[in-house]
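Reading the structure
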Amino acid sequence: MSTAEINIKSSKKRLYSPKFILVCLGSLFFSASYNMLIPELPSYLASMGGAEYIGLIISLFTLTAGVSRPFSGKLTDTIGRKPVMLIGGLVCLVCGGLYTVFTSVFGFLLLRLFHGFSTGFTPTAASTYVSDIVPPNRLGEAMGIQGIAFSTGLALGPALGSLIKLHFSHEVLFYSSSLVSLVALVLIANLGETLSTRRRFKWNLLRVHKHEIIAKEALPSAVVTFLSYIAFGVVLTLIPDWTEAVGYTNKGVFFIVFTVASLLVRVVAGKLSDIHGRTKVIGIGMALLCVGLTLLAGIPSKNGLILGATVYGLGMGIVSPGINAWTIDLSKPNYKGKAIATMFIALEAGIGLGALVSGWYYGQSLQRIPIILVVCAFLSFIGICYLLLRSKRKKRS
């Protein structure tokens, strides 16, 4: 097929197609299924005598998510987008129920390790799927909309999870997580495959060679992703306790405000990145991350939490679709899954490192949380500097 034919075919794509709506809904339910557990897992682990391992709740999850990315990227580019999405949903379905079975500290941590495979697979394939079905000139906008769906799950999940725990029990919460995963699986199962040349799954496809792990062309977006998401690992680990410390009983309050703020700007931010360029828009978002984290650290009160969550949410709502679209821009046409996987490896590494180090340093001392947040703000500032230096180098060349 010639370049002209490809361009004509691309221009005929609709943004709001049935496939796009289904993949967005699937993303919403998928993200809600595992995020609804997050606010209550620290207290659940502490009740089993594992308070000192709270930092591992997120870091173990992101470890396997990151390790599985090269495999999910390769499989997305070979056996298809849909099967890889289904694998992630199935892992969430199984793991939700197993939390009631693995009731020791070791068993719980082992399950968190396995549960991480879900986010190593589904988001990689879902982002690649979206890039297949939308017009190229509206890619940023599309990523913003899909991000809205995913983030809605991020917000509704923790709020719903805390509500279920308040009125029922951890066991009901775990089974509810599996039920939400089942809904995601049903939605994804109704999608049509978009990869035109597919291969049958064979075990040798799981052999990932060195050159298949990282897409070098996507490294710039991976660096920015890493620096941006260290703070998110900290937020997932420490903000539930910080929310309770400033006076809220529902530990999901921060995530509700954060996600609503994120939703308000995602589509607009995506459109702006289509018009004015990815890195300019991403830089603005990262500046807001710095401000939001500083507000959270500097105003330890209910109002400070809401204000910080709002600004931080606006920043993430701008950064996320821009980075996703930028990664696709940098990718090679036949290796989009590999590029997306590279970006997600950086994302998981950032979240995992942020969760592990902050959980270790925190040590149940609330006074240390503001220090950690300020350090995260500085790392986001370094990300802004990286974008500026890269922009100057491109102009010179």
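This report concerns the structure included in the present document. As the structure is a computational prediction, the values presented were derived from the model and not from experiment.

Another aspect to go through is empty space enclosed by the protein. Enumeration according to the criterion identifies two cavities of 30 Å³ or more in this entry. For the largest cavity, the calculated volume is near 540 Å³. Together, 34 residues line the largest cavity, and Tyr 34, Phe 150, Leu 154, Phe 344 and Leu 347 are the ones closest to its centre. Listed by contribution, the elements that provide at least two residues to the lining of the largest cavity are α2 (18–35), α4 (56–78), α7 (117–133), α8 (139–167), α11 (219–245), α12 (253–276), α14 (302–330) and α15 (336–362). When residues of the lining of the largest cavity are assigned to their parent elements, the largest contribution, six residues, is made by α8.

Quick look at the state of the cysteines now. Taken as a whole, this structure holds zero disulfides when the rule is applied. Cys 92 carries a free sulfur, and the closest cysteine sulfur to it, the one in Cys 95, is 7.0 Å from it. No disulfide involves Cys 290; its nearest neighbouring cysteine sulfur is the one of Cys 385, lying 8.9 Å away.

Looking now at the packing of aromatic side chains. Both the distance between ring centres and the angle between the ring planes are used here to describe each pair of aromatic rings. If you walk through the whole model with that rule in mind, you get 13 aromatic pairs. For the ring pair Phe 30 and Tyr 34, a centre distance of 5.4 Å and an interplane angle of 65 degrees mean the geometry is edge-to-face. With Phe 30 and Tyr 34 both in helix α2, this residue pair falls four residues apart, about one helical turn. When its relative accessible area of 9% is taken as the criterion, Tyr 34 is described as buried. Ring geometry for Phe 232 against Phe 258: centres 5.9 Å apart, planes inclined by 35 degrees, an arrangement best described as tilted. Residue Phe 232 is found in helix α11, and its partner Phe 258 is found in helix α12; the two are separated by 26 residues along the sequence. Comparing Phe 232 with Phe 258 shows no difference in burial state: the two are buried. Through a chain of ring-to-ring contacts, the aromatic side chains of Tyr 229, Phe 232, Phe 254, Phe 255, Phe 258 and Tyr 312 assemble into a single cluster. It is Arg 368 that lies over the ring of Tyr 361; its NZ or CZ is 4.9 Å from the centre.

Here we come to helix α16 (residues 369–396). Each full turn of the α-helix corresponds to 3.6 residues, which orients residues three or four apart in the same direction. End to end, α16 covers 42 Å across 28 residues, agreeing with the expected 40 Å (1.5 Å per residue, within 8%). Turning to α16, its buried residues number three or more, namely Ile 369, Pro 370, Ile 372, Leu 373, Cys 376, Ala 377, Leu 379, Ser 380, Gly 383, Ile 384 and Leu 387. Residues of α16 that are buried sit in contact with α11, α13 (278–298), α14 and α15.

Grouped together as the largest cluster of nonpolar side chains are 95 residues, with contacts concentrated most on Phe 20, Val 23, Met 85, Phe 108, Val 134, Phe 254 and Tyr 312. The leading source of residues in this core is α11, at eleven residues. Discounting residues that sit within four places of it in the chain, Tyr 312 has contacts with Ala 231, Phe 232, Val 235, Phe 254, Phe 258, Leu 289, Gly 292 and Leu 293. Membership of the second largest hydrophobic core comes to five residues, among which are Phe 30, Tyr 34, Cys 92 and Ala 184.

Another aspect to go through is the side chain of Lys 82. Residue placement: Lys 82 occurs in helix α5 (residues 81–98). Among buried Asp, Glu, Lys and Arg side chains, Lys 82 stands out as unpaired, with Glu 193 the closest opposite charge at 7.1 Å. Among the polar contacts made by the side chain of Lys 82, one reaches the main-chain carbonyl oxygen of Ala 189 at a distance of 2.8 Å. Those residues in contact with Lys 82, other than ones at most four positions away along the chain, are Ile 188, Ala 189, Leu 191 and Glu 193.

Criteria and thresholds
Along each chain, numbering runs from 1 in the same order as the chain's sequence is written. Side-chain atom pairs in this predicted model are given and counted only at pLDDT of 80 or more, local residue features only at pLDDT of at least 70, and totals for whole chains, interfaces and linings cover all residues. No hydrogens and no water enter the side-chain calculation; it runs on all heavy atoms of the structure. Both site types are read off a 1 Å grid over the protein atoms alone. A 1.4 Å probe that fits but cannot get out defines a cavity, while an open set with protein on both sides within 12 Å along at least five of seven lines defines a pocket; lining residues have an atom within 4 Å of a point. Grid points are joined across faces, edges and corners, and a volume is the space filled by probe spheres set on the points. Runs of H or I in DSSP of at least four residues are treated as helices and runs of E of at least two as strands, each being numbered from the N terminus. Any two cysteine sulfur atoms lying within 2.5 Å of each other are counted as a disulfide. Planes of paired rings set the category: under 30 degrees apart is stacked, over 60 is edge-to-face and the rest tilted, where pairs are Phe, Tyr or Trp rings (Trp by its six-membered ring) whose centres lie within 6.5 Å. For every residue, the accessible area obtained with a 1.4 Å probe (protein chains only) is divided by the maximum for its type, and the residue is called buried under 20%, exposed over 50%, and partly exposed between those limits. Over a ring means this: the NZ of a Lys or the CZ of an Arg is within 6 Å of the ring centre and within 35 degrees of the ring normal. Expected span of a helix, by definition, is 1.5 Å for each gap between consecutive residues, and there is one gap fewer than residues. Contact criterion: two residues are considered in contact whenever any of their non-hydrogen atoms come within 4.5 Å of each other. Side-chain atoms within 4.5 Å are what join buried Ala, Val, Leu, Ile, Met, Phe, Trp, Tyr and Cys residues into a set we call a nonpolar core. Positive: Lys, Arg. Negative: Asp, Glu. His and the chain ends are not part of the count. A side-chain nitrogen of Lys or Arg and a carboxyl oxygen of Asp or Glu constitute a salt bridge if their distance falls within 4 Å. Any N or O atom pair separated by 3.5 Å or less is treated as a polar contact, with the protein-specific requirement of one donor-capable and one acceptor-capable atom, and with residues adjacent in sequence counted only for side-chain atom pairs.

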